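Next come the chains, spelled out residue by residue.
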Amino acid sequence: MPTIAIMGAGPGMGLAIAQTFGKEGHQVALLSRTPAKLEPVVAELTDQGIDAAAFAADVLDRPSIVAGLAAVKQRFGQIDVFEYSPSNPALPMASSLELTHDNVQIQLDFYVHGAVAAVNQVLPEMLARGSGTILFTTGASSVRPEMGHDMFGNAAPAAAWLRNWAHGLHAAAAPRGVQVGHIAIGAWIGRQPGATAPEEIAPLYWELHTQHDQAEKVFFPSDQPAS
(Lines give C-alpha, C1' and ligand atoms only; values in the text may rest on other atoms or scores of the structure.)
Protein backbone atom coordinates (compact mmCIF):
# COMPACT_ATOMS: atom_id res chain seq x y z
CA MET A 1 0.00 0.00 0.00
CA PRO A 2 1.24 3.53 -0.71
CA THR A 3 1.91 5.83 2.24
CA ILE A 4 1.16 9.50 2.81
CA ALA A 5 3.08 11.35 5.53
CA ILE A 6 1.41 14.53 6.80
CA MET A 7 3.71 16.86 8.75
CA GLY A 8 1.80 19.25 10.96
CA ALA A 9 -1.22 16.95 11.17
CA GLY A 10 -4.17 17.74 13.38
CA PRO A 11 -7.91 17.10 13.75
CA GLY A 12 -8.87 19.60 11.03
CA MET A 13 -7.13 19.82 7.67
CA GLY A 14 -4.72 16.99 8.49
CA LEU A 15 -7.55 14.59 9.25
CA ALA A 16 -9.42 15.55 6.09
CA ILE A 17 -6.32 14.98 3.93
CA ALA A 18 -5.70 11.67 5.69
CA GLN A 19 -9.27 10.56 5.03
CA THR A 20 -9.07 11.58 1.38
CA PHE A 21 -5.90 9.60 0.73
CA GLY A 22 -6.83 6.77 3.08
CA LYS A 23 -10.05 6.12 1.17
CA GLU A 24 -7.90 5.84 -1.95
CA GLY A 25 -5.83 3.06 -0.38
CA HIS A 26 -3.03 4.96 1.35
CA GLN A 27 -1.54 4.21 4.72
CA VAL A 28 -1.34 7.39 6.80
CA ALA A 29 1.54 8.70 8.90
CA LEU A 30 0.64 11.74 11.03
CA LEU A 31 3.54 13.85 12.30
CA SER A 32 3.23 16.47 15.02
CA ARG A 33 5.12 18.09 17.89
CA THR A 34 2.77 16.28 20.26
CA PRO A 35 1.76 12.95 18.73
CA ALA A 36 -0.22 11.98 21.83
CA LYS A 37 -2.80 14.61 20.82
CA LEU A 38 -3.27 12.75 17.55
CA GLU A 39 -4.59 9.59 19.23
CA PRO A 40 -8.26 10.55 18.57
CA VAL A 41 -7.38 11.23 14.93
CA VAL A 42 -5.66 7.87 14.59
CA ALA A 43 -8.64 6.19 16.25
CA GLU A 44 -11.09 7.86 13.87
CA LEU A 45 -9.06 6.82 10.83
CA THR A 46 -8.72 3.28 12.16
CA ASP A 47 -12.49 3.07 12.65
CA GLN A 48 -12.82 3.99 8.96
CA GLY A 49 -10.54 1.10 7.97
CA ILE A 50 -7.48 3.29 7.32
CA ASP A 51 -4.10 2.11 8.60
CA ALA A 52 -2.74 5.13 10.49
CA ALA A 53 -0.14 5.95 13.12
CA ALA A 54 1.25 9.10 14.79
CA PHE A 55 4.89 10.14 15.01
CA ALA A 56 6.83 12.95 16.69
CA ALA A 57 8.39 15.70 14.58
CA ASP A 58 8.88 19.37 15.40
CA VAL A 59 9.51 21.53 12.32
CA LEU A 60 11.68 23.88 14.42
CA ASP A 61 13.90 20.95 15.43
CA ARG A 62 15.59 19.50 12.36
CA PRO A 63 16.95 16.35 14.07
CA SER A 64 13.40 15.51 15.17
CA ILE A 65 12.25 15.81 11.54
CA VAL A 66 14.91 13.32 10.48
CA ALA A 67 14.02 10.96 13.31
CA GLY A 68 10.27 11.26 12.74
CA LEU A 69 10.41 10.49 9.03
CA ALA A 70 12.84 7.63 9.66
CA ALA A 71 10.29 6.17 12.08
CA VAL A 72 7.57 6.50 9.42
CA LYS A 73 9.70 4.57 6.92
CA GLN A 74 10.43 1.89 9.50
CA ARG A 75 6.71 1.48 10.22
CA PHE A 76 5.22 1.83 6.74
CA GLY A 77 8.08 1.56 4.25
CA GLN A 78 8.67 4.15 1.55
CA ILE A 79 6.87 7.50 1.67
CA ASP A 80 4.92 7.96 -1.57
CA VAL A 81 3.24 11.27 -0.72
CA PHE A 82 4.58 13.91 1.63
CA GLU A 83 2.42 16.85 2.73
CA TYR A 84 3.76 19.79 4.73
CA SER A 85 1.23 21.95 6.59
CA PRO A 86 2.46 22.85 10.07
CA SER A 87 0.61 25.44 12.13
CA ASN A 88 1.58 27.09 15.39
CA PRO A 89 -0.61 30.02 16.50
CA ALA A 90 1.78 30.63 19.40
CA LEU A 91 4.46 31.97 17.04
CA PRO A 92 4.67 35.78 16.98
CA MET A 93 2.69 37.49 14.24
CA ALA A 94 3.42 40.98 13.02
CA SER A 95 2.15 43.45 10.46
CA SER A 96 4.30 44.49 7.53
CA LEU A 97 5.07 47.69 9.46
CA GLU A 98 6.38 45.84 12.52
CA LEU A 99 9.01 43.43 11.19
CA THR A 100 12.14 42.66 13.17
CA HIS A 101 14.93 40.17 12.71
CA ASP A 102 13.49 37.90 15.40
CA ASN A 103 9.85 37.83 14.30
CA VAL A 104 10.91 37.22 10.69
CA GLN A 105 13.50 34.56 11.50
CA ILE A 106 11.10 32.39 13.49
CA GLN A 107 8.71 32.23 10.53
CA LEU A 108 11.54 31.44 8.12
CA ASP A 109 12.68 28.63 10.42
CA PHE A 110 9.13 27.34 10.69
CA TYR A 111 8.11 27.42 7.04
CA VAL A 112 11.36 27.39 5.10
CA HIS A 113 13.98 25.50 7.06
CA GLY A 114 11.48 22.97 8.40
CA ALA A 115 10.25 22.25 4.88
CA VAL A 116 13.77 21.97 3.46
CA ALA A 117 14.81 19.57 6.20
CA ALA A 118 11.73 17.41 5.63
CA VAL A 119 11.96 17.37 1.84
CA ASN A 120 15.61 16.34 2.06
CA GLN A 121 14.43 13.17 3.83
CA VAL A 122 11.93 12.15 1.15
CA LEU A 123 12.89 13.69 -2.19
CA PRO A 124 16.12 11.74 -2.92
CA GLU A 125 14.30 8.42 -2.64
CA MET A 126 11.43 9.67 -4.80
CA LEU A 127 13.86 10.81 -7.49
CA ALA A 128 15.73 7.51 -7.32
CA ARG A 129 12.60 5.48 -8.03
CA GLY A 130 11.05 8.05 -10.39
CA SER A 131 7.78 8.51 -8.52
CA GLY A 132 6.28 10.38 -5.58
CA THR A 133 4.40 13.52 -4.62
CA ILE A 134 5.30 16.47 -2.37
CA LEU A 135 2.58 18.95 -1.38
CA PHE A 136 2.96 22.20 0.54
CA THR A 137 0.15 24.14 2.25
CA THR A 138 0.17 27.87 3.01
CA GLY A 139 -2.33 30.65 3.50
CA ALA A 140 -3.55 32.66 0.54
CA SER A 141 -1.37 35.63 1.51
CA SER A 142 1.54 33.68 0.02
CA VAL A 143 -0.16 34.31 -3.34
CA ARG A 144 -1.80 37.67 -2.56
CA PRO A 145 0.44 39.44 -0.03
CA GLU A 146 -1.88 42.43 0.27
CA MET A 147 -4.31 40.15 2.09
CA GLY A 148 -1.93 39.52 4.98
CA HIS A 149 -0.05 42.78 5.43
CA ASP A 150 -1.84 43.75 8.64
CA MET A 151 -1.70 40.42 10.44
CA PHE A 152 0.65 38.03 8.62
CA GLY A 153 3.36 40.48 7.59
CA ASN A 154 6.13 38.21 8.85
CA ALA A 155 4.50 34.86 7.99
CA ALA A 156 3.32 35.60 4.46
CA PRO A 157 6.80 36.24 2.99
CA ALA A 158 8.06 32.98 4.48
CA ALA A 159 5.06 31.17 3.04
CA ALA A 160 5.69 32.89 -0.29
CA TRP A 161 9.24 31.52 -0.26
CA LEU A 162 7.75 28.07 0.23
CA ARG A 163 5.36 28.64 -2.66
CA ASN A 164 8.20 29.83 -4.90
CA TRP A 165 10.24 26.75 -4.02
CA ALA A 166 7.25 24.49 -4.71
CA HIS A 167 7.00 25.86 -8.24
CA GLY A 168 10.74 25.53 -8.73
CA LEU A 169 10.70 21.96 -7.42
CA HIS A 170 7.79 21.13 -9.70
CA ALA A 171 9.73 22.32 -12.73
CA ALA A 172 12.87 20.46 -11.71
CA ALA A 173 11.37 17.22 -10.43
CA ALA A 174 8.46 16.63 -12.82
CA PRO A 175 10.70 15.41 -15.67
CA ARG A 176 12.05 12.81 -13.23
CA GLY A 177 8.61 11.52 -12.25
CA VAL A 178 8.05 13.43 -9.01
CA GLN A 179 5.02 15.70 -8.63
CA VAL A 180 5.29 18.81 -6.46
CA GLY A 181 2.34 21.06 -5.69
CA HIS A 182 1.21 23.97 -3.52
CA ILE A 183 -2.19 24.63 -1.99
CA ALA A 184 -2.96 28.16 -0.80
CA ILE A 185 -6.01 28.42 1.46
CA GLY A 186 -7.86 31.72 1.73
CA ALA A 187 -10.37 30.66 4.37
CA TRP A 188 -10.72 30.11 8.09
CA ILE A 189 -10.97 26.36 8.57
CA GLY A 190 -13.31 24.87 11.15
CA ARG A 191 -16.87 23.95 12.05
CA GLN A 192 -18.08 27.31 13.36
CA PRO A 193 -20.38 29.61 11.36
CA GLY A 194 -18.49 31.39 8.60
CA ALA A 195 -15.65 28.87 8.54
CA THR A 196 -14.90 26.36 5.80
CA ALA A 197 -15.07 22.65 6.59
CA PRO A 198 -11.75 20.96 5.83
CA GLU A 199 -13.54 18.32 3.75
CA GLU A 200 -14.32 21.05 1.20
CA ILE A 201 -10.60 21.69 0.66
CA ALA A 202 -9.10 18.19 0.93
CA PRO A 203 -10.04 17.09 -2.64
CA LEU A 204 -7.59 19.69 -3.98
CA TYR A 205 -4.74 17.65 -2.55
CA TRP A 206 -5.86 14.53 -4.38
CA GLU A 207 -6.23 16.55 -7.59
CA LEU A 208 -2.66 17.84 -7.36
CA HIS A 209 -1.43 14.34 -6.55
CA THR A 210 -3.08 12.85 -9.63
CA GLN A 211 -3.00 15.76 -12.13
CA HIS A 212 0.70 16.21 -12.75
CA ASP A 213 0.29 19.07 -15.21
CA GLN A 214 -0.72 21.35 -12.33
CA ALA A 215 1.47 22.81 -9.61
CA GLU A 216 -0.96 24.93 -7.60
CA LYS A 217 -4.49 25.19 -6.26
CA VAL A 218 -5.82 28.30 -4.55
CA PHE A 219 -8.95 27.97 -2.42
CA PHE A 220 -11.27 30.89 -1.76
CA PRO A 221 -14.83 30.05 -0.61
CA SER A 222 -16.28 32.68 -2.93
CA ASP A 223 -14.64 31.00 -5.92
CA GLN A 224 -16.22 27.60 -5.29
CA PRO A 225 -19.36 26.49 -7.14
CA ALA A 226 -22.54 26.44 -5.10
CA SER A 227 -23.56 22.99 -3.93
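Throughout what follows, the structure given in this document is the object of discussion.

1. So, the environment of I6
Piece 1. Following the sequence through the fold, I6 ends up in strand β1 (residues 3-7).
Piece 2. Measuring from C-alpha to C-alpha, the distance between I6 and V28 comes to 7.7 Å, with 22 residues separating the pair along the chain.
Piece 3. Each residue touching I6, except ones within four places of it in the same chain, is listed here: G14, I17, A18, V28, A29, L30, L31, E83 and S85.

2. A closer look at the side chain of H182
Piece 1. Within the secondary structure layout, H182 lies in strand β6 (residues 178-185).
Piece 2. Using a relative accessible area of 0% as the deciding quantity, one classes H182 as buried.
Piece 3. When near neighbours in sequence (up to four residues on either side) are disregarded, H182 contacts F136, T138, S142, V143, R163, A166, L208, A215, E216 and K217.

3. Thoughts on the pattern of salt bridges
Once their charged atoms are close, side chains differing in charge can pair, the charge on each being opposite to the other.
Piece 1. In the structure shown here, the tally under the stated rule is 5 salt bridges.
Piece 2. Salt-bridge contacts for R75 lead to D51; the nearest nitrogen and oxygen are separated by 3.2 Å. Taken as a pair, R75 in helix α3 (residues 62-76) and D51 in the loop between α2 (39-47) and β3 (52-56) lie far apart in primary sequence, 24 residues in all.
Piece 3. On the basis of relative accessibility, which here comes to 43%, the residue R75 falls in the partly exposed class.
Piece 4. A salt bridge links E216 to R163; the nearest nitrogen and oxygen atoms lie 2.6 Å apart. Of the two residues, E216 sits in strand β7 (residues 216-219) while R163 sits in helix α5 (residues 155-173), which places them 53 residues apart along the sequence.

4. Describing the nonpolar core
Piece 1. M7, L69, F82, I134 and F136 are the most contacted members of the largest nonpolar core, which totals 37 residues.
Piece 2. Excluding residues that lie within four positions of it along the chain, F82 makes contacts with A5, M7, L69, A118, V122, M126, T133, I134 and L135.
Piece 3. By size, the runner-up hydrophobic cluster in this structure holds 28 residues, among which are A9, A18, V42 and A187.

5. Quick look at the layout of surface pockets
Piece 1. Put simply, the largest pocket is a space of about 1,500 Å³.
Piece 2. Surrounding the largest pocket, 49 residues form its lining, S85, P86, S87, N88 and I189 being those nearest its centre.
Piece 3. Looking at the lining of the largest pocket, the elements with two or more residues in it are α1 (13-22), α2, α4 (101-129), β5 (132-139) and α5.
Piece 4. Within the lining of the largest pocket, the residues separate by chemical class into 27 nonpolar, 17 polar and 5 charged.

6. Side note on the environment of I50
Piece 1. Looking at where I50 falls in the secondary structure, it is placed in the loop between α2 and β3.
Piece 2. Sequence-wise, I50 and G130 are 80 residues apart; in three dimensions their C-alpha atoms are separated by 26 Å.
Piece 3. Dropping the residues within four chain positions of it, I50 is found in contact with A18, Q19, G22, K23, H26, V28 and L45.

7. A look at the pairing of strand β4 (residues 81-84)
Piece 1. A two-sided burial pattern is seen for β4, the buried positions comprising V81 and E83 on one face and F82 and Y84 on the other.
Piece 2. Two elements, β1 and β4, share 4 bridges in a ladder whose sense is parallel. By the bridge assignment for β4, I4 is matched with V81.
Piece 3. Summarising the sheet, β4 and β5 pair through 4 bridges and their orientation is parallel. Paired with V81 across the bridge in β5 is T133.

8. Describing the packing of α1 against helix α7 (residues 203-210)
Piece 1. For the pair α1 and α7, the least separation of the axes is 9 Å and the interaxial angle reads 50°. Between α1 and α7, the interaxial angle falls into the category oblique. Classified by chirality, the crossing of α7 by α1 is right-handed. Contacts between α1 and α7 involve M13, I17, T20 and F21 from the first element and Y205, W206 and H209 from the second.
Piece 2. Of the residues belonging to the contact of α1 with α7, the class tally is 5 nonpolar, 2 polar and no charged.

Rules used throughout
- Residues numbered from 1 in each chain as written.
- Predicted model: local features only at pLDDT ≥ 70, side-chain atom pairs only at ≥ 80, totals over all residues.
- Heavy atoms only, no water.
- Helix = DSSP H or I, 4+ residues; strand = E, 2+ residues; numbered from the N terminus.
- Contact = heavy atoms within 4.5 Å.
- Buried < 20%, exposed > 50% of the residue type's maximum accessible area, 1.4 Å probe, protein only.
- Salt bridge = Lys/Arg side-chain N within 4 Å of Asp/Glu carboxyl O.
- Core = buried A, V, L, I, M, F, W, Y, C linked by side-chain atoms within 4.5 Å.
- 1 Å grid on protein atoms, 1.4 Å probe; cavity = no way out; pocket = protein on both sides within 12 Å on 5 of 7 lines; lining within 4 Å.
- Points joined across faces, edges and corners; volume = space filled by probe spheres on them.
- Nonpolar A, V, L, I, M, F, W, Y, C, P; charged D, E, K, R; others polar.
- Pairing = 2+ DSSP bridges.
- Axes fitted to C-alpha atoms, helices over the stretch in contact; angles between N-to-C directions.
- Parallel < 35°, antiparallel > 145°, perpendicular 65-115°, else oblique.
- Left-handed = near helix turned anticlockwise from the far one by under 90°.

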